[in-house]
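Spelled out from the first residue to the last, the chains are:
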2 protein chains.
Amino acid sequence: MKIALVGVGKIALDQHVPSLAASPDWELAATVSRQGRVSGVEAFTDMTEMLTARPDIRVVSLCLPPVPRFAYARAAIAAGRHVMLEKPPGATLSECHALADLARAAGVSLFATWHSREAAMVDAARAWLADKTVHKLHINWREDVRKWHPGQDWCFEPGGMGVFDPGINALSIMTKILPAPVHLVCAKLSFPENRQTPIAAELTFTDGVSAYFNWDHQGPEFWDIEVQTDAGTLTLHEGGARMVINGAEQGAAAGLQGEYPRLYNEMAELVATGGIDMDLSPLRHVADAFMLGERVTVPPFDW
Amino acid sequence: MKIALVGVGKIALDQHVPSLAASPDWELAATVSRQGRVSGVEAFTDMTEMLTARPDIRVVSLCLPPVPRFAYARAAIAAGRHVMLEKPPGATLSECHALADLARAAGVSLFATWHSREAAMVDAARAWLADKTVHKLHINWREDVRKWHPGQDWCFEPGGMGVFDPGINALSIMTKILPAPVHLVCAKLSFPENRQTPIAAELTFTDGVSAYFNWDHQGPEFWDIEVQTDAGTLTLHEGGARMVINGAEQGAAAGLQGEYPRLYNEMAELVATGGIDMDLSPLRHVADAFMLGERVTVPPFDW
């Protein structure tokens, strides 16, 4: 299947392009980007132009930042294309609901991807927890924004979500592995005095679930989720790539693919079956945190 | 039908109690409140005690502030009672989804009320707009928090929503009368430097829709929504109580009841049919505004 990539930035080049190149299902047939391009692939700077010029491309994958994403998604759906969305699926919940309605009306597939849910041990964690009683779950998610989004000021502009940009990855795993849903009880969001989005967040959910996100963290990253249950403790490390149960490292399933190849496999299946996969629960938790959270001002952040 | 009121504060005494007293459908059989009570009605201070002592009361109406509301709603649903929620239906979107799931599983009715949607001319505005093309819609919603929530500090605490407490009334009308959904594009939220929630907000939605909310407004209130269409201008005044179309004042339907009596009529119907009415679109717009909005610090607010 031919596919177009829209938004050729860091995540597209690091993940999407190699995943598509390695897949037997997909052929990267065009890009749409103001500046980015992929060698050997037809490059457009205008979305409408691409949609008109390339009716043979039936699927569009959007890797833009969340704020401009809706307009591109709507244009693609209106042109009868299937659409795959990088996380988060939009800058607002309301636009995500609108997109799902538009896709349903147009009869095209729509996939709100959460790449961290495809990490090697997440399915295994979900399966192990399914019949356990969860007493506590704690997320410890710390990384250096300077390393992972160098100079990307949009992260700190309204709608950029700040530390929830990585934090929503943890929330996407949490909502996948927990046997029952939880909701936020209180939150503390730390806003640098010169920025519009938080650089750190402490979240307290119901049922013993909590999270700490920090984007101003030096040294090795922490991408850990520890779950205490009636059958002992399960810990996901490295964003779900590793799992330890009661001290014993668990092996991954043989032949398991990476996060983005798995997402593109799922998109191929969705297109084949005409499905829509638009789970908004991670984004809903983020919106809840902004609505319910206490705001604390912290020193300015500069690159 | 016997009903219990939980949370006997200003809104309960001003609206709920007289509406129930005037209705042939309802009998106010108990209250649950730390301090408030209604003369001649059995008064509890503990929810569990009321649910246990009064199995004859099948319906519970919750008039508490949003933050504590979930625990009471869950207890009532778990005890097999039908539940009616003051606006907004919760402090988070996630808990509202959870409540709807619980009510569905328990087979009880759940009603997220939006009293402003019951204002005299809102149904008429919706009907008139249904076949029009909307070019612009502007909400102008200004009132004095000192008059409408005197000394109620919870409004300015995390989860209290600030100016969105009245503003969500406008959004509940907007989402009812607009022929097609819109979503937020940008927002500016004004936070008093000594408070945790905004006292004013400017919202820009798609499709020419915008809103201005101000809670620090002296003098007569503005609760207006002006809609410019291909067939002229419709304006709702006084929170939907009055409607003007192309300069001509429109008359209300004869015998129309007030907002809260109409809500209790609808609740009686929902209970009779076993329905769930949980439209979260107004709260979703508020969450979107907090997530996407630019924060501006303004001078301190004091009562």
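Residues numbered from 1 in each chain as written. Chains lettered and ligands numbered in written order. Predicted model: local features only at pLDDT ≥ 70, side-chain atom pairs only at ≥ 80, totals over all residues. Heavy atoms only, no water.

An unreviewed UniProt entry lists chain A under the name L-arabinose 1-dehydrogenase, from Tropicibacter naphthalenivorans.

Looking at this model, I keep getting lost on the environment of Ala254 of chain A. Mind explaining?
Among the structural elements, Ala254 of chain A can be located in the loop between strand S14 (248-250) and helix H8 (259-273). Overall, the relative accessible area of 79% leaves Ala254 of chain A in the exposed class. (Helix = DSSP H or I, 4+ residues; strand = E, 2+ residues; numbered from the N terminus. Buried < 20%, exposed > 50% of the residue type's maximum accessible area, 1.4 Å probe, protein only.)

Looking at this structure, how should I read helix H1 (residues 10-22) of chain B?
Helical geometry note: an α-helix holds 3.6 residues per turn, so side chains three or four residues apart project in the same direction. Residue and element names in this part refer to chain B. Between the first and last C-alpha of H1 there are 18 Å, a value that for 13 residues agrees with the 18 Å anticipated at 1.5 Å per step. At His16, H1 shows its maximal bend, which comes to roughly 30°, and the proline Pro18 appears one to four places after that position. Every buried residue of H1 is listed here: Ala12, His16, Val17, Ser19 and Leu20. Against the buried residues of H1 lie strand S1 (2-6), strand S2 (27-32), strand S4 (59-62) and helix H8 (259-273). (Expected span 1.5 Å × (residues − 1). Bend = angle between axes of the 7 residues up to and from the residue. Contact = heavy atoms within 4.5 Å.)

Teacher, can you tell me more about the interface of chain A and chain B here?
Interface size, as often reported, equals the accessible area lost upon joining of the parts. In this complex, chain A contributes 30 residues to the contact, which on the side of chain B involves 30 residues. With both chains or domains summed, chain A and chain B bury close to 2700 Å², and 60% of this area falls on carbon and sulfur atoms. Of all residues in chain A, the largest losses of buried area upon contact with chain B belong to His183, Met291 and Arg295 of chain A, amounting jointly to 27% of the total for that side. Scanning the region where chain A abuts chain B turns up 0 salt bridges. Summed over the shared surface of chain A and chain B, the number is 12 residue pairs in polar contact (both at pLDDT 80 or more). Going through the elements one at a time, helix H3 (66-78), helix H4 (93-106), strand S8 (184-192), helix H9 (281-292) and strand S16 (294-298) of chain A are the ones with two or more residues in the side of chain A that touches chain B. A per-element tally of the side of chain A that touches chain B places H9 of chain A first, with 9 residues. Taken together, the residues that form the side of chain A that touches chain B break down as 15 nonpolar, 9 polar and 6 charged. (Buried area = accessible area lost by both parts, 1.4 Å probe. Salt bridge = Lys/Arg side-chain N within 4 Å of Asp/Glu carboxyl O. Polar contact = N/O pair within 3.5 Å; in protein donor to acceptor, adjacent residues only side chain to side chain. Nonpolar A, V, L, I, M, F, W, Y, C, P; charged D, E, K, R; others polar.)

Got a minute to help me understand helix H9 (residues 281-292) of chain B in this structure?
Residue and element names in this part refer to chain B. The end-to-end C-alpha distance of H9 is 16 Å, a good match for the 16 Å that 12 residues give at a rise of 1.5 Å each. When you tally the buried positions in H9, you get 12 out of 12 residues, the bulk of the element. All buried positions along H9 are accounted for by Ser281, Pro282, Leu283, Arg284, His285, Val286, Ala287, Asp288, Ala289, Phe290, Met291 and Leu292.

Would you mind going over the packing of helix H7 (residues 164-177) of chain A against H9 of chain A with me for this structure?
The description of two helices packed together rests on the angle between their axes and the distance between the axes. Residue and element names in this part refer to chain A. At a minimum axis distance of 8 Å, the contact between H7 and H9 shows a crossing angle of 125°. It follows from the interaxial angle that H7 and H9 lie oblique. Note on packing geometry: the crossing formed by H7 with H9 is right-handed. Mapping the contact onto sequence places Phe164, Ile168, Leu171, Ser172, Met174 and Thr175 in H7 and Ser281, Pro282, Leu283, His285, Val286, Ala289 and Phe290 in H9. Classifying every residue of the contact of H7 with H9 gives 9 nonpolar, 4 polar and no charged. (Axes fitted to C-alpha atoms, helices over the stretch in contact; angles between N-to-C directions. Parallel < 35°, antiparallel > 145°, perpendicular 65-115°, else oblique. Left-handed = near helix turned anticlockwise from the far one by under 90°.)

In this structure, what is going on with the packing of aromatic side chains? I would like to understand it.
How two aromatic rings sit relative to each other is set out by the distance from centre to centre and by the angle between their planes. Residues and elements named next belong to chain B. Across all of its chains, the model carries 16 aromatic pairs over all chains by this definition. Judged by centre distance (5.6 Å) and plane angle (50°), the ring pair of Phe156 and Trp215 falls under tilted. One end of the pair, Phe156, is in the loop between helix H6 (145-148) and helix H7 (164-177); the other, Trp215, is in the loop between strand S10 (209-214) and strand S11 (222-229), with 59 residues separating them in the sequence. Exposure class is identical for Phe156 and Trp215. Each is buried. Seen from their ring centres, Phe301 and Trp303 are 5.1 Å apart, and the 85° between their planes marks the pair as edge-to-face. For Trp303, a relative accessible area of 35% translates into the label partly exposed. (Phe/Tyr/Trp six-rings, centres within 6.5 Å; stacked < 30°, edge-to-face > 60°.)

I would appreciate a short explanation of the side chain of Arg117 of chain A in the present structure.
Residues and elements named next belong to chain A. Looking at the secondary structure, you find Arg117 in the loop between strand S6 (110-112) and helix H5 (122-129). Judged by relative accessible area, Arg117 falls into the buried class, the value being 11%. With residues up to four places along the chain from it excluded, the contact list for Arg117 reads Val122, Ser172, Ile173, Thr175, Lys176, Asp279, Ser281 and Pro282.

Please clarify how the pairing of S11 of chain B should be interpreted in this entry.
Within a regular strand, side chains alternate between the sheet's two faces. Residue and element names in this part refer to chain B. In the sheet, strand S7 (residues 134-142) pairs with S11 via 8 bridges, with the strands oriented antiparallel. Each residue of the ladder has a partner; that of Leu137, found in S11, is Val227. One ladder, built from 5 bridges, connects S11 with strand S12 (residues 232-237); its direction is antiparallel. When the bridges of S12 are listed, Gln228 appears paired with Thr233. Between S11 and S12, which pair antiparallel in sequence order, lie 2 residues. (Pairing = 2+ DSSP bridges.)

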